[in-house]
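Next come the chains, spelled out residue by residue.
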Amino acid sequence: MGVLQFLIELIKLPAFVLGFIAMVGLILQKKSFGEVLVGTIKTILGLLIMSVGIGALINALVPIQSMFEVGIPAGGFQTFVTFDEGVVSAVQSANVGDIGAAIAWTMLFGYIIHILLARFTPFRYIYLTGHMIWIHAGAFAILFYSFGLPLFWTVLLASIVDGLYMTLAPALAQPVMRKITGSDNIAFGHGQTLLNMLGAWVGKLIGNPEDSAENIKVPEGLNFFRDMALSISLVMLVVTLVGAILALTQIGVAGFQEKISNGQNWLVFSILQALGFTAGVLVLLQGVRMLIGEIVPAFKGIAEKAIPGAKPALDCPVIYPFAPNSLIIGLISGTVGQVLGMVVLALIGWPVPLPSMIAAFFASGSGAIFGNATGGQRGAWAGGFLWGFVGWFLISFAYKFQVFGDLAAMGATGLGFTVPDAIVPGIVIWAIAKLFGV
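What you see is a predicted model; the values in this text were computed from it and never measured.

Analysis parameters
- Residues numbered from 1 in each chain as written.
- Predicted model: local features only at pLDDT ≥ 70, side-chain atom pairs only at ≥ 80, totals over all residues.
- Heavy atoms only, no water.
- Salt bridge = Lys/Arg side-chain N within 4 Å of Asp/Glu carboxyl O.
- Buried < 20%, exposed > 50% of the residue type's maximum accessible area, 1.4 Å probe, protein only.
- Helix = DSSP H or I, 4+ residues; strand = E, 2+ residues; numbered from the N terminus.
- Axes fitted to C-alpha atoms, helices over the stretch in contact; angles between N-to-C directions.
- Parallel < 35°, antiparallel > 145°, perpendicular 65-115°, else oblique.
- Left-handed = near helix turned anticlockwise from the far one by under 90°.
- Contact = heavy atoms within 4.5 Å.
- Nonpolar A, V, L, I, M, F, W, Y, C, P; charged D, E, K, R; others polar.
- Pairing = 2+ DSSP bridges.

Trainee: Explanation requested: the pattern of salt bridges in the structure shown.
Mentor: Pairing of side chains with opposite charge becomes possible as their charged atoms draw close. Applying the stated rule across the entire model yields two salt bridges. The shortest N-O distance in the salt bridge between Asp-184 and Arg-178 comes to 2.9 Å. For Asp-184, a relative accessible area of 30% gives the class partly exposed. Asp-184 is paired through a salt bridge with Lys-311; the nearest N and O atoms lie 3.5 Å apart. Here the residue Asp-184 occupies a position in the loop between helix 7 (151–181) and strand 3 (187–188), and Lys-311 occupies one in strand 4 (residues 311–314), the gap between them amounting to 127 residues. Several salt bridges converge on common partners, so that one network encompasses Arg-178, Asp-184 and Lys-311.

Trainee: Please clarify how the packing of helix 3 (residues 33–71) against helix 9 (residues 228–259) should be interpreted in this entry.
Mentor: Angle between the axes and distance between the axes: these two values describe a pair of packed helices. Two elements in contact, helix 3 and helix 9, have axes separated by 8 Å at closest approach and are oriented at 55°. Taken as axis vectors, helix 3 and helix 9 run oblique relative to one another. Between helix 3 and helix 9 lies a crossing whose hand is left-handed. Contact residues: Leu-61, Ile-64, Met-67, Phe-68, Val-70 and Gly-71 in helix 3; Met-236, Val-239, Thr-240, Val-242, Gly-243, Ala-244, Leu-246, Ala-247, Gln-250, Ile-251 and Phe-256 in helix 9. Per-class residue counts for the contact of helix 3 with helix 9 are 13 nonpolar, four polar and no charged.

Trainee: How do you make sense of the side chain of Thr-335 when you look at a structure like this?
Mentor: Turning to its location among the elements, Thr-335 is positioned in helix 11 (residues 324–348). A relative accessible area of 15% means that Thr-335 is categorised as buried. For Thr-335, the residues in contact, after removing those within four places along its chain, are Gly-330, Met-357 and Ala-360.

Trainee: I would appreciate a short explanation of the sheet that holds strand 3 in the present structure.
Mentor: Remark on secondary structure: sheet strands pair via backbone hydrogen bonds, oriented parallel or antiparallel. In spatial order, the strands read 2-4-3; together these three strands make up an open sheet with parallel pairing. Edge positions in the sheet fall to strand 2 (125–127) and strand 3, since each of these pairs with one other strand and no more. In terms of strand pairing, strand 3 meets strand 4 through two bridges, oriented parallel. Residue Phe-188 lies in a different strand from strand 4, and its bridge partner there is Leu-314.

Right, here's the structure in full:
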């Protein structure tokens, strides 16, 4: 178990996984010791810088999400938080049956199956987003465990589905990734692929890629809006102030300072959270640039020697620098989609996932970038909106019908999965199991 625990911890640390891959790639190219050392360290640093940026984003978003959670009362319908990491970590730490071991073994064998598929099939992609490897292994293990299967069959079936997902999802997204990045060097490795592709398909139907959101012209006096730092700051200021006002209507100034801002003035706190979010974005993008600058040349060695033609499938922020306008559009339209989805779900009596600014930025932002690649501005607005609206229905469906079993009984009370790449296959497998009386 010591070796297994080491492998699990290693897979959960994508910076070291990517650093090791960069090192192997450079060695295979017979680079000098200095070049190998520099490429390896800068690859690790690039992802660590990204992690710092993401950490700043999360630190800013959590209080903003708390504002919405407090500000939107339950009103007679069931609400829950959609948070993948929360579900898997809660289930894994609850020590219910063999589920913790099932998740661990699925991570290991699922990735082995993925590597074998990448080596011996035409789908030459290596999935490298560490937290998504963990989340999907957890989701699929929980899914099959909920059917009451023994540990062996749970791990076997979950590993096969997991390995297929990590191999096929990047292949599905690659045609659009070529349009986004203008090259075939990197692939998309994140659990939002299916809804991103929905945005791309709808964008192709309703828009024109020549009318790109990145070509938006603004009056000369408003050119400062093209500065991404300022644009994101203004958008997040509006979002944060709306959340703060909703919270104030429910708990007042004193309650806000006690439960959310830790004694700080509500307006000052809201402004700082919005600007802290933007600071996190800027740090994250710096890490992206460093990572891409190092991992793509280093990966060439593995692609040519070990897995010919292989491409790294990386986390969603790698596409942000290619379409910053679309990213902002996705944040706006995704938030609107979430709110409208919440209203409809409440009206039909389904459980209502609370607003997630994390999903609005990372997921709907990526959905808008995919939509823009195929349908320009219309595609960007549609891609971001659909991620929020359709995504909230998928999340609610999985929670209401216990697609992944009784998560509360497994330790994840009031939590649900977010990523469609786990939910959609989960619904299909769950439906088949129901059909056969499992």
